Amino acid sequence: MFRLFSAAIAALFSLAIISMAPIGSAFAQAHSDRVQAANNDTVSVISGGIGGTYIRIAADLQAELDGVDDLRILPIVGKGSIKNIEDLLYLRGVDIAIVQSDVLTYLRNKQVYENIQGRVNYITKLYNEELHLVARRDITDIRQLRGKKVNFGSQGSGTYMTSETVFGALGIKVTPSSHGYEDALEKVRTGEIDAMVYVAGKPASIFTSVKKDDGLHIVPVPYTAKLQQSYLPAKLSADDYGNLVDTDSPVDTIAVGAVMAVFNWKPKTGRYYRVKRFIESFFTQFDEFQKAPRHQKWGEVNLAAELPGWRRYAVAEAWLAANKAKLTATAPTQKQRKLFEAFQAYLASQGRTVALSQSDQKILFNKFIQWNEAVSKPN
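Residues numbered from 1 in each chain as written. Predicted model: local features only at pLDDT ≥ 70, side-chain atom pairs only at ≥ 80, totals over all residues. Heavy atoms only, no water.

Asks: Could you give me a rundown of the overall build of the chain, with the residues and numbers involved?
Replies: Summing up its helical and strand segments, the chain has 13 helices and 10 strands in all. Each of the 379 residues in the chain was classed as buried or not, and the buried ones make up 44%. Of the contacts formed within the chain by residues at least 6 apart in sequence, a portion of 76% connects residues at least 24 apart. If you sum the accessible surface of the chain, you get close to 20100 Å²; carbon and sulfur atoms cover 54% of it. (Helix = DSSP H or I, 4+ residues; strand = E, 2+ residues; numbered from the N terminus. Buried < 20%, exposed > 50% of the residue type's maximum accessible area, 1.4 Å probe, protein only. Contact = heavy atoms within 4.5 Å. Areas by Shrake-Rupley, 256 points an atom, 1.4 Å probe, with all protein chains shown as cover.)

Asks: Help me get a handle on the nonpolar core, residues and values and all.
Replies: Among soluble globular proteins, nonpolar side chains are generally buried collectively. Ranked by internal contacts, the top residues of the largest apolar core, which has 33 residues, are Leu 61, Phe 278 and Phe 282. Within the residue set of this core, elements represented by two or more residues are β1 (42–46), α2 (53–65), β3 (96–100), β4 (120–136), β10 (251–263), α8 (270–284), α9 (286–289) and α10 (314–322). Take this core: its biggest share by element is six residues, from α8. One finds Ile 142, Leu 145, Phe 152 and Leu 170 within the second-largest nonpolar core, a separate group that totals 24 residues. (Core = buried A, V, L, I, M, F, W, Y, C linked by side-chain atoms within 4.5 Å.)

Asks: Which residues make up the side chain of Arg 312, and what values go with them?
Replies: Locating Arg 312 in the fold gives a position in the loop between α9 and α10. Side-chain polar atoms of Arg 312 contact the backbone oxygen of Ile 123, separated by 3.0 Å. Polar side-chain contacts of Arg 312 include one of 3.2 Å to the backbone oxygen of Leu 303. When neighbours within four sequence positions are excluded, Arg 312 is seen to be in contact with Asn 121, Tyr 122, Ile 123, Thr 124, Leu 303, Ala 304, Ala 305, Glu 306, Glu 317 and Leu 320. (Polar contact = N/O pair within 3.5 Å; in protein donor to acceptor, adjacent residues only side chain to side chain.)

Asks: Please give an account of unusual backbone geometry that cites residues and values.
Replies: Here the residue pair Lys 202 and Pro 203 is connected by a cis peptide bond, since its omega of -5 degrees sits within 30 degrees of zero. In this fold, Pro 203 is placed in the loop between β7 (195–200) and β8 (216–218). A cis geometry characterises the amide bond from Ala 292 onward to Pro 293, with omega recorded as 10 degrees. Relative to the elements of secondary structure, Pro 293 occurs in the loop between α9 and α10. Residues other than glycine seldom take positive phi values, yet Asn 115 does so here, at roughly 50 degrees. With respect to the helices, strands and loops of the structure, Asn 115 is situated in the loop between α4 (103–110) and α5 (116–119). A positive phi is found at Lys 268, a non-glycine position, where the angle reads about 70 degrees.

Asks: Describe α4, with residues and values.
Replies: Of the positions making up α4, those classed as buried are Val 103, Leu 104, Tyr 106 and Leu 107. The buried side chains of α4 occupy one side of the element, clustering within an arc of 160 degrees when seen end-on. The inward-facing, buried residues of α4 contact α3 (81–90), β3, α5, β4 and α6 (158–170). (Arc of directions from axis to C-beta.)

Asks: Requested: an account of the pattern of salt bridges, with residues and values cited.
Replies: Per the counting criterion, the structure on display carries 21 salt bridges. Measuring nitrogen to oxygen at the nearest pair gives 2.4 Å for the salt bridge that ties Asp 252 to Lys 235. Of this pair, Asp 252 sits in strand β10 while Lys 235 sits in strand β9 (residues 232–236); the two residues are 17 residues apart in sequence, bridging distant segments of the chain. Overall, Asp 252 belongs to the partly exposed group, its relative accessible area being 39%. Put simply, Glu 317 and Arg 312 hold a salt bridge, and the shortest N to O gap is 3.6 Å. Using a relative accessible area of 39% as the deciding quantity, one classes Glu 317 as partly exposed. We classify Arg 312 as buried; its relative accessible area is 10%. Through salt bridges with shared partners, one network takes in Asp 41, Asp 69 and Arg 277. (Salt bridge = Lys/Arg side-chain N within 4 Å of Asp/Glu carboxyl O.)

Next up, the structure:
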């Protein structure tokens, strides 16, 4: 009797297992499908630290592209251009990196990676980032920082890279430190260090905490011949930083391009198709990025701008070629073309054409046109 009872229980248990198997299998398949969909649809963008412009740009990408072609954009706080390139090369799940345009030259010269220019491509140049050199008001010339303590930011960051390059090119030997930018700003306030460098698109939110009575200001950076090979001239005004720049005295500085970089994924790979969807959605929706409340730096972006020293990713190149008519639909008038030719002749007479690429000349010229129209309007 006991044996019959045990056999009946075992049979019932076996039937239960058999009946549950399809359910468990269905759940497992559903889980697998969700994992695959989540990864196929998510594009991660590694950017910069909190308070900088890169993270704002990444947040704008999320705001505009989330849901487009079923994409999910995942912004990641990064640790600077050099580290972002390393993460793009080796960190699983990183698809796009926002970096400074001088990073590839820097890494190639340092011989850090093999064939870096073949492995890392660009989607588009974004905008120019200004170098902010902040010190107490008794320091009025960058040469006064010789032998003093200057914060370059964390090693591996774009700011550290540019600081090292600029001070080296100017022949000014300083004692660099690697504090976080918020900490460095406070140390400049207290006099623990003499100055700090921060490379970011203006206006950088890190400086919103500065008050007039803090006694700080932005120190000019001269645009010397040695800097013209990699950088552009720029200005910072009171409109950008009312408590760091005097109203009637804009400050000269330099700027470096920000770049949307991508690993050179080959066709017929999962990462290739994911990045392809991102690029095509981004380019198609680009007009939306130039509207409020997106960051004002989007207004400087020219999708077709060439970037010396970089190779454009094949997907981006193909989209631009196929949409050339759309991109040239807003071609300049004959009057503007003549003005631009005169503008280029002026730059040549000043020896500036080597320093300014065609795209940067056009950006500067468009700003000139806007200014000219504004001052020409009757009061």
